[in-house]
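Structure at a glance
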Amino acid sequence: YAKENGRNAYKFFEPEMNARVVRRQSIETELRRALERQEFVLHYQPVIHLLSGKTVGVEALIRWQHPEHGILLPDEFVPIAEECGLILPMGRWVLREACSQAQTWIQAGIPPLTVAINTSAFEFRGKNFVENIRATLAETGLAPHLLELEMTETVLMSDSASTNSVLNALVDMGIKLAIDDFGTGYSSLTYLRQYPVDALKIDQSFVRQMTSSTDSTSIVDAVINLGINLKKRTVAEGIETAEQHALLLALHCDEGQGYYFSPPVPAGEFAALLQSGILPLSEHQHRS
Ligand code: C2E
Ligand code: MG
Ligand code: MG
Ligand code: MG
């Protein structure tokens, strides 16, 4: 019986496996084509200095304008791009596009904003990561201190000499480093002492539960105090309500982003929000 069941299960499973593999392969092929055909686009979400209410930065978030399926979000294709290695050319495109957009805004008279891009651990391990960033900054003319690289805790967990030298090379260039989704990885406080990170981005899962769970409030409070004591900026992600905003302000969180201020929007819309005064700008950066 067991044998027969096993065989049946196998027969049943096989076509499904194939379907999955075929689907993956077709997404991979499409991703490759999408890079060539420039189907990717960046949307931009403002980062607000909470105390002054001014816009001090922007996070670039990739979208795929798929010819048949419409706009696809990164969770649907970034993991596949990571698996098949396409994350490397994709990451280079993101870097160039974001830097050149930031420089275009400056040339249009918008006060300089920090532009944050998301980097995957795979990119970090890529050979010419640092050199490519240096070259892209030189080509686009963007000042290094206006570029912030967001990385997850996994990058910092690989306690290797090369991680250290890559991070130090970036910091020496003047680039800012932020830990994304802080608190959701294999949090080790050791790397906070070891690596030169500038900012902690408090994961939106904590922010979302803050007003209903005192545990989440305590975690957010603790992370903000960690930031204050280690002299690192704290940025709350996923602020959706006035209540969350008020609480984060009271807890002395430095900056925030979320639908409460603005969702990520196309570049043109972002510039319009700034120019219309809907998103107030500061004359000078509040950041250290
Ligand atoms: P992340 O860097 O933590 O980005 C925050 C995510 O939260 C974004 O989702 C953003 O659209 C969303 N968000 C912003 N405000 C709110 C809010 O108030 N409420 C809620 N519920 N969500 C909010 P998105 O754009 O789908 O990106 C998901 C993740 O994909 C990002 O998480 C980032 O890890 C990754 N990603 C995005 N762009 C890139 C990229 O260019 N390269 C790489 N390697 N990863 C990227
Ligand atoms: Mg991010
Ligand atoms: Mg995040
Ligand atoms: Mg995330």
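Located above this text is the structure these notes cover.
Since we're looking at a predicted model, the values are computed, not measured. (Residues numbered from 1 in each chain as written. Chains lettered and ligands numbered in written order. Predicted model: local features only at pLDDT ≥ 70, side-chain atom pairs only at ≥ 80, totals over all residues. Heavy atoms only, no water.)

Side chains of nonpolar character tend, in soluble globular proteins, to be buried together. Ranked by size, the top nonpolar core spans 74 residues in total, and within it Leu31, Leu147, Leu170 and Leu248 carry the most contacts. Per-element tally for this core: the top contributor is helix α3 (residues 87–107), with 8 residues. With sequence-adjacent residues up to four places away left out, leucine 31 is seen in contact with Phe40, Trp64, Phe77, Ile80, Ala81, Leu86 and Met90. (Core = buried A, V, L, I, M, F, W, Y, C linked by side-chain atoms within 4.5 Å. Buried < 20%, exposed > 50% of the residue type's maximum accessible area, 1.4 Å probe, protein only. Helix = DSSP H or I, 4+ residues; strand = E, 2+ residues; numbered from the N terminus. Contact = heavy atoms within 4.5 Å.)

The subject of this paragraph is helix α7 (residues 161–173). The terminal C-alpha atoms of α7 lie 18 Å apart, and with 13 residues this matches the ideal 18 Å at 1.5 Å per residue to within 8%. If you check which residues of α7 are buried, you get Thr163, Val166, Leu167, Leu170 and Met173. The arc that holds every buried residue of α7, seen down its axis, measures 125°, which confines them to one face. Relative to its buried face, α7 has exposed residues pointing more than 90 degrees away, namely Ala161 and Asp172. Its buried side turned inward, α7 meets α4 (121–125), α5 (129–140), β5 (147–151), α6 (153–157) and β6 (176–182). Of the residues one or two after α7, glycine 174 is the one with positive phi, at around 105°. (Expected span 1.5 Å × (residues − 1). Arc of directions from axis to C-beta.)

Moving on: the coordination of the magnesium ion (ligand 3). Each donor-metal-donor angle would ideally measure 109.5 degrees in four-coordinate tetrahedral geometry, or 90 or 180 degrees in six-coordinate octahedral geometry. Within the protein, Asp180 (OD), Asp181 (OD), Glu237 (OE) and Glu237 (OE) serve as the donor atoms for the magnesium ion (ligand 3), at 2.0 to 2.4 Å. Along the chain, the residues donating to the magnesium ion (ligand 3) fall in the pattern D-D-x55-E. Separating the magnesium ion (ligand 3) from the magnesium ion (ligand 2) is a gap of 4.3 Å, which aspartate 180 spans by donating to each of them. (Donors = N, O, S within 2.8 Å, 3.2 Å for Na, K, Ca; no water.)

Under the 1.5 Å per step criterion, the end-to-end length of α5 is 17 Å for 12 residues, consistent within 8% with the ideal 16 Å. Turning to α5, its buried residues number three or more, namely Phe129, Val130, Ile133, Thr136, Leu137 and Thr140. Along the long axis of α5, the arc covered by the buried residues comes to 130°, so they all point the same way. In α5, the exposed positions angled more than 90 degrees off the buried face are occupied by Ala138 and Glu139. Contacts made by the buried residues of α5 are with α3, α4, β5 and α7. Glycine 141 sits one or two positions beyond α5 and adopts a positive phi of about 85°.

A separate point is the pairing of strand β4 (residues 114–118). For β4, the tally of buried residues reaches 4 of 5 residues, placing the bulk of the element in the interior. The sheet contact formed by strand β2 (residues 54–66) and β4 spans 3 bridges and is parallel. Note that in β4 the partner of glycine 57 across the bridge is threonine 114. Taken together, the 4 bridges between β4 and β5 define a ladder with parallel strand orientation. Residue pairing for β5: alanine 116 is matched across the bridge by glutamate 148. (Pairing = 2+ DSSP bridges.)

Attention now moves to the site of ligand 1. In the vicinity of ligand 1 there are 23 residues, among which Arg63, Asn118, Asp180, Glu240 and Tyr259 approach most closely. At 2.8 Å from an oxygen atom of ligand 1 is found a side-chain nitrogen or oxygen belonging to aspartate 180. Considering ligand 1 on its own, with 800 Å² of exposed area, one finds that the protein chains cover 86% of that surface. At the level of secondary structure, the elements contributing two or more residues to the shell around ligand 1 comprise β2, α2 (74–84), α3 and β6. Counting residues per element, the shell around ligand 1 draws most heavily on β2, at 4 residues. (Near = heavy atom within 4 Å. Polar contact = N/O pair within 3.5 Å; in protein donor to acceptor, adjacent residues only side chain to side chain. Areas by Shrake-Rupley, 256 points an atom, 1.4 Å probe, with all protein chains shown as cover.)

Taken as a whole and assessed by the stated rule, the structure comprises 7 salt bridges. In this structure, the salt-bridge partner of glutamate 148 is arginine 233, at a minimum N-O distance of 2.5 Å. A residue pair is termed long-range when its members are at least 10 positions apart, and glutamate 148 in strand β5 and arginine 233 in strand β8 (residues 233–236) qualify at 85 residues. You can call arginine 233 buried: its relative accessible area is 10%. A salt bridge links arginine 233 to glutamate 255, with the nearest nitrogen and oxygen atoms 3.3 Å apart. In this pair, arginine 233 sits in strand β8 while glutamate 255 sits in strand β9 (residues 255–256), placing the two residues 22 residues apart along the sequence. Of the two residues, arginine 233 and glutamate 255, neither departs from the other in class, the shared state being buried. (Salt bridge = Lys/Arg side-chain N within 4 Å of Asp/Glu carboxyl O.)

Before going further, it helps to examine the packing of α3 against α5. Contact pair α3 / α5: the axes reach a minimum separation of 9 Å and the direction vectors enclose 30°. Taken together, the axes of α3 and α5 are roughly parallel relative to one another. In this structure, α3 crosses over α5, and the sense of that crossing is right-handed. The residues of α5 that touch α3, namely those facing Arg92, Leu95, Arg96, Cys99, Ser100 and Gln103, are Asn132, Ile133, Thr136, Leu137, Glu139 and Thr140. For the contact of α3 with α5, the per-class residue count stands at 4 nonpolar, 5 polar and 3 charged. (Axes fitted to C-alpha atoms, helices over the stretch in contact; angles between N-to-C directions. Parallel < 35°, antiparallel > 145°, perpendicular 65-115°, else oblique. Left-handed = near helix turned anticlockwise from the far one by under 90°. Nonpolar A, V, L, I, M, F, W, Y, C, P; charged D, E, K, R; others polar.)

So, to be careful, I would describe these as geometric facts and stop short of saying anything about function.
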